[in-house]
Amino acid sequence: MAKVFGVFNTIRNNWKKSVFFTAVLSYGANFANEKYETHMFMSQCCRTVSAYGDMPLAVDKKPKKVTVILNPAANRRNSKSDFEKYCAPLLYLAGYSVTVLTTEREGGARSLVENLIGETDALIVAGGDGTLSEVVTGLLRRLKGDTSLTEHLPIGILPLGRTNNVARQLLQPQDDNHVHFLTNATNFKNYYIN
C-alpha cells in the first residue's frame, strides 16, 4: 500500500511531467491503433480484389490495360507514396495490366494524354483537381485529331490531391478517412471495363 501512495505522491509532485507523458502515451496508442486498423482494412480489400483477379481469362482475351497518369507533386509530394501503398496493389491484384505515366512538370499531364500512344482500356487520373483538369484538356485537344482513343474511354479518379473537390462531388465518400476514400475510388467496378 505504501508503494501505491508513493506513486500518487510522485505524480502529484511532478504533475507537468505526468501530463506530458500521458499525452505522449495517448497519442502513441492512437497512432498505433490507426495504423493497425488501416492495415486490417487494406488486407480485407486486397483479399476481396484478388478474388476478382484470380478469375480465369478466356483464351482469346487479354488482360485489361489501364493507364495511370500520376502527379507525384500532388498533396505536398505525398501522392506517389499513397498511390503505391493504397491504390497500386488493388489494381495489380484485380488483374489489370497497369502502365504508370508520371508527370514531371506543370502541364505534363496534358501533354502525356495528348501524346498517349498505344491501346488502353481505361485512363486513371492519380492526383488532385489540377491534374484532372490537365487530363481533360489533353483529351479534348486529342479529340480534334483522333477520336479512336477517347470515344469510349472510361476515366477514373484517384483523389491523391489536397482538396479533391471534383472527386468528392463525383464519388461522394461515406466518411473522412483518406484510406477508405482512396480504396473506394480504386474499386475496379468504378471503371466499367468489360
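Everything discussed here concerns the structure shown above.
What you are looking at is a predicted structure, and each value in this text was computed from that prediction instead of being measured.

A.B. asks: Break down helix 6 (residues 129–143) for me, with residues and values.
C.D. replies: The terminal C-alpha atoms of helix 6, which comprises 15 residues, lie 21 Å apart, in line with the 21 Å expected from a rise of 1.5 Å per residue. Among the residues making up helix 6, those that are buried are Thr131, Leu132, Glu134, Val135, Gly138, Leu139 and Arg142. Projected down its long axis, helix 6 shows its buried positions confined to an angular sector of 160°, all on one face. Buried-residue contacts for helix 6 involve strand 1 (65–70), helix 5 (108–114), strand 3 (122–127), strand 4 (155–159) and helix 7 (165–171).

A.B. asks: Quick rundown of the nonpolar core? Include the residues and the values.
C.D. replies: Ranked by size, the top nonpolar core spans 23 residues in total, and within it Val68, Phe83, Leu91, Ala126, Leu158 and Leu160 carry the most contacts. If one sorts the elements of this core by residue count, helix 4 (residues 79–93) sits on top with six residues. One finds Val113, Leu153, Ile157 and Ala167 within the second-largest nonpolar core, a separate group that totals 13 residues.

A.B. asks: A description of the packing of helix 2 (residues 15–53) against helix 8 (residues 178–186) should follow, citing residues and the corresponding values.
C.D. replies: Interaxial distance between helix 2 and helix 8 falls to 11 Å at its minimum, and their mutual angle equals 10°. It follows that helix 2 is roughly parallel to helix 8 by the angle criterion. Contacts between helix 2 and helix 8 involve Thr38, Phe41, Met42 and Cys45 from the first element and Val179, His180 and Thr183 from the second. The residue inventory of the contact of helix 2 with helix 8, partitioned by class, reads four nonpolar, three polar and no charged.

A.B. asks: Explain the packing of aromatic side chains to me, and be specific about the residues and the numbers.
C.D. replies: In the structure shown here, the tally under the stated rule is two aromatic pairs. A centroid spacing of 5.4 Å and a plane angle of 70° characterise the contact between phenylalanine 20 and phenylalanine 21, whose relative ring orientation is edge-to-face. Given a relative accessible area of 54%, phenylalanine 21 falls into the exposed group. Measuring from ring centre to ring centre gives 6.4 Å for tyrosine 27 and phenylalanine 31, while their planes differ by 20°; the resulting arrangement is stacked. Taken together, the residues tyrosine 27 and phenylalanine 31, both in helix 2 and four residues apart, mark about one turn of the helix. Note on tyrosine 27: relative accessible area 57%, which makes it exposed.

A.B. asks: Quick one: what's the story with the pairing of strand 1, residue by residue and with numbers?
C.D. replies: The buried fraction of strand 1 amounts to five of the six residues, a majority that puts the element mostly inside the structure. Looking at chain direction, strand 1 and strand 2 (residues 97–102) are connected through six bridges and run parallel. Paired with lysine 65 across the strands is serine 97, a residue of strand 2. Note that strand 1 and strand 3 share five bridges and pair parallel. Residue pairing across strands places valine 66 opposite alanine 122, the latter belonging to strand 3.

A.B. asks: Tell me about the environment of aspartate 129, and please be specific about residues and values.
C.D. replies: Tracing the backbone through its elements, the reader meets aspartate 129 in helix 6. Between the C-alpha atom of aspartate 129 and that of threonine 163, which follows or precedes it by 34 residues, the distance is 7.7 Å. Every residue in contact with aspartate 129, bar those within four places of it in the chain, is listed here: Thr163, Asn164, Asn165, Val166 and Ala167.

About the thresholds
- Positions within a chain are numbered from 1, following the residues in the order the chain's sequence is written.
- Per-residue local features of the predicted model are confined to residues with pLDDT of at least 70, and side-chain atom pairs are confined, for both listing and counting, to 80 or more; whole-chain, interface and lining totals are unaffected and use all residues.
- As a convention, hydrogens and water are excluded, and side-chain values are obtained from all of the structure's heavy atoms.
- What counts as a helix is a DSSP run of H or I of at least four residues, what counts as a strand is a run of E of at least two, and both are numbered from the N terminus.
- In this scheme, a helix's expected span is set at 1.5 Å multiplied by one less than its residue total.
- Relative accessible area decides the class of each residue, using a 1.4 Å probe on protein chains only: under 20% of the type maximum gives buried, over 50% gives exposed, and in between gives partly exposed.
- Note: the arc covers the axis-to-C-beta directions of the helix.
- Whether two residues touch is decided by their heavy atoms; if any such pair falls within 4.5 Å, the residues are in contact.
- Throughout this description, the term nonpolar core refers to a set of buried Ala, Val, Leu, Ile, Met, Phe, Trp, Tyr and Cys residues connected via side-chain atoms within 4.5 Å.
- The angle between two axes is taken between their N-to-C directions and runs from 0 to 180 degrees, where each axis is a line fitted to C-alpha atoms and a helix contributes only its stretch in contact.
- Every angle not falling under 35 degrees, over 145, or within 65 to 115 is termed oblique; those three ranges are roughly parallel, roughly antiparallel and roughly perpendicular.
- Gly counts as polar in this scheme, as do all residues outside two lists: the nonpolar Ala, Val, Leu, Ile, Met, Phe, Trp, Tyr, Cys and Pro, and the charged Asp, Glu, Lys and Arg.
- Think of it this way: a Phe, Tyr or Trp ring, Trp meaning its six-membered ring, pairs with another when their centres are within 6.5 Å, and the plane angle makes it stacked under 30 degrees, edge-to-face over 60, tilted otherwise.
- Pairing between two strands is assigned when DSSP locates at least 2 bridges connecting them.

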